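A structural walkthrough
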Amino acid sequence: MERIQLETPMSGSQLVLETLKSLGVDTIFGYPGGAVLPLYDAIYSFKGIRHILGRHEQGCVHEAEGYAKSTGKIGVAVVTSGPGATNAITGIADAMSDSVPLLVFTGQVATPGIGKDAFQEADMVGMTMPITKYNYQVRDTADIPRIVTEAVHIATTGRPGPVVIDLPRDISAKEVDFVYPSDVNLPSYQPTIQPNELQIKKILSQLSKSKKPVILSGGGVAYAGASELLQTFAERYQIPVVTTLLGQGTIATDHPLFLGMGGMHGTFAANIAMTEADLMINIGSRFDDRLTGNPKTFAKNAKVVHIDIDPAEIGKIIAVDIPVVGDAKQALEMLLAEETVRNNTEKWIAKVTEDKNRVRSYDRKERVVQPQPVIERIGELTDGDAIVVTDVGQHQMWAAQYYPYRNERQLVTSGGLGTMGFGVPAAIGAKIANPDKEVVLFVGDGGYQMTNQEMAILNIYKVPIKVIMLNNHSLGMVRQWQEAFYDGRTSESVFDSLPDFQLMAQAYGVKSYKFDNPETIAQDLEVLKEDIPMFIEVDISRKEHVLPMVPAGKSNHEMLGVKFHA
């Protein structure tokens, strides 16, 4: 194989950093340990890449996810071997579920010890194979530039996803005077970006016959940077738009064609529109179970179009009439470039708009702080322009339902895996990636206790995120299901005692507040305007449910808790 001679010998660790820098990486999140000491020794004097020292490997990977989700750039994490690497698995699996471009370097014992149960050895190639887009174990230091370049290419092209590079200690320490070329040449990996023109024409032909079309906008629209094109397409043909959780922000929540989020905790208008539509154009959503409910009855009256960059997702859950493999942005560009077809959705728009307007969102109570108006008020105080990060649970759904999103990549949340503990580190990563943007985190008292150790780095790295804990003294979503479907038996879902979260914030040197007065909460929340790291604990109703709700296995039109205007 052709070799490239280096001017001066370099260690494997230096090659890792130089290659990352040449690929535009400017930030690494990591936690050192024995197997990655050569890499950290190189980081010590390396210029051009910032290292953020997390407080737990899971936190480091979620920080890299927050960085990637909010920007579209690759997130990079470094962990040591054994328990350091296994601690990272949850974050890697989370990135796989949500198509996050991620590169994780896992330290490994020296090559002579591999397979011999050496101290802190773990088979990370085997463990991460099902939860990565691809993984490598480096066996030749000269291969590092090629492998790192390929890994970034794989992670960021096609359907994005995580790639793991397992790096043995001796490989990272060894010096070489030549490397193998870093040109990407992967004949077996050629993702389809350009949609088929005939399929695009079929969509428009079907649209011309449709009386009740609906667009389903997923995370793929945001990942492709196609939100403006989506809105243009919807406006040209007057098609109402439903989003998935990860599609929130691909069309502004105040746009007249927006019906809301669909699925288990979607709006009445969104779920009824999907049920009654005669044409569904799914762009960048994988038809996950939280969206579809019972797949046998999902959009049963509709011709289904599915535009997705991953061919494996098409037809996997919902039968598709017009499959289109390709990039969401290019598909929308092609749809808009074609001659406009005639269609008439005036009666349909009137109907879905009526559905939207006849529903009242929630009953207002005066004796207790409610989560919904808290989120609405924060939306007002941030002009609907903050990057909103959530943990997982009831607060996640309330944040999805009640914050006034305007932009793609504005909601950073764990969708597919539903990872409690995602919130605090992901908010840190999002703020580091977007220092000029307000970053607001909504977290519950359960998820906060899983990764709150990352709060320790807020002042160190000057990361002024605003942490809003909606404290209902329980695992709220678990409790809700138990109250709704298990005759109220709240088995191990209510916290009989909690730590003093105010003292915890003080221990981290973070300014903190606690609010519990519904009469003053709107004014109390104005403290958000101060540009410092902040922890705000809001004591909310302990019985509030996320509504509407489609019970598991039911059809989307079988919603519980829908409230109509009198």
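Conventions and cut-offs
- Residues numbered from 1 in each chain as written.
- Predicted model: local features only at pLDDT ≥ 70, side-chain atom pairs only at ≥ 80, totals over all residues.
- Heavy atoms only, no water.
- UniProt positions renumbered as here; feature names shortened; annotations may be inferred.
- Axes fitted to C-alpha atoms, helices over the stretch in contact; angles between N-to-C directions.
- Helix = DSSP H or I, 4+ residues; strand = E, 2+ residues; numbered from the N terminus.
- Left-handed = near helix turned anticlockwise from the far one by under 90°.
- Contact = heavy atoms within 4.5 Å.
- Buried < 20%, exposed > 50% of the residue type's maximum accessible area, 1.4 Å probe, protein only.
- 1 Å grid on protein atoms, 1.4 Å probe; cavity = no way out; pocket = protein on both sides within 12 Å on 5 of 7 lines; lining within 4 Å.
- Points joined across faces, edges and corners; volume = space filled by probe spheres on them.
- Nonpolar A, V, L, I, M, F, W, Y, C, P; charged D, E, K, R; others polar.
- Domains from an automatic or database assignment.
- Parallel < 35°, antiparallel > 145°, perpendicular 65-115°, else oblique.

An unreviewed UniProt entry lists the protein under the name Acetolactate synthase, with Streptococcus cristatus as the source organism. Recorded in UniProt for the protein, the comment headed Sequence similarities (unreviewed entry) runs: "Belongs to the TPP enzyme family."

Here we look at the packing of helix H1 (residues 12–22) against helix H7 (residues 144–156)
Running from N to C, H1 and H7 cross one another at 35 degrees; their axes reach a closest spacing of 9 Å. Both H1 and H7 take part in a crossing whose hand is right-handed. Here Gly 12, Leu 15, Val 16, Thr 19 and Leu 20 of H1 come into contact with H7, specifically with Ile 144, Pro 145, Val 148 and Thr 149.

Comments concerning helix H14 (residues 328–337)
Residues of H14 that are buried: Ala 328, Ala 331, Leu 332, Met 334, Leu 335 and Leu 336. Elements that come into contact with the buried residues of H14 comprise helix H9 (197–209), helix H10 (219–223), helix H11 (227–237), strand E12 (279–283) and strand E13 (303–308).

What about the environment of Lys 21?
With respect to the helices, strands and loops of the structure, Lys 21 is situated in helix H1. Lys 21 sits 26 residues away from Lys 47 along the chain, and the two C-alpha atoms are 9.3 Å apart. Excluding residues that lie within four positions of it along the chain, Lys 21 makes contacts with Phe 46, Lys 47, Gly 48 and Ile 49.

What about empty space enclosed by the protein?
Applying the stated criterion across every chain yields a total of three cavities of 30 Å³ or more. In this structure, the largest cavity occupies an estimated 100 Å³ of space. Every residue lining the largest cavity is listed: Lys 69, Gly 219, Ala 222, Tyr 223, Leu 246, Gln 248, Arg 409, Gln 410, Leu 411 and Thr 413. If one sorts the elements of the lining of the largest cavity by residue count, H10 sits on top with three residues. Of the residues contributing to the lining of the largest cavity, the split by class is four nonpolar, four polar and two charged. When residues of the lining of the largest cavity are sorted by domain, at least three fall in each of domain 2 (197–357) and domain 3 (371–539). By residue class, the composition of the lining of the second largest cavity is three nonpolar, six polar and no charged.

A closer look at the UniProt feature "domain: Thiamine pyrophosphate enzyme TPP-binding" (unreviewed entry) in the protein
Mapped onto this structure's residue numbering, the UniProt feature "domain: Thiamine pyrophosphate enzyme TPP-binding" (unreviewed entry) falls at residues 391–538. Counted over residues 391–538, helix gives 32% and strand 16%. Its end C-alpha atoms are 15 Å apart.

Looking at the packing of H1 against helix H2 (residues 37–45)
H2 packs onto H1 with a crossing angle of 55 degrees between their chain directions and a minimal axis gap of 8 Å. Taken as axis vectors, H1 and H2 run oblique relative to one another. You can see that H1 and H2 cross each other, and the crossing is right-handed. Side by side, H1 and H2 meet where Ser 13, Gln 14, Val 16 and Leu 17 of the first sit next to Pro 38, Leu 39, Ala 42 and Ile 43 of the second.

What to know about the layout of surface pockets
Empty space within the second largest pocket amounts to approximately 640 Å³. Of all the elements in the fold, those that place two or more residues in the lining of the second largest pocket are strand E11 (258–261), helix H12 (268–276), helix H15 (346–357), strand E15 (359–360) and helix H17 (394–402). Of all the elements, E11 adds the most residues to the lining of the second largest pocket, at four residues. For the lining of the second largest pocket, the per-class residue count stands at 14 nonpolar, ten polar and six charged. Residue-level mapping places the lining of the second largest pocket at the junction of two domains, with at least three residues from each of domain 2 (197–357) and domain 3 (371–539).

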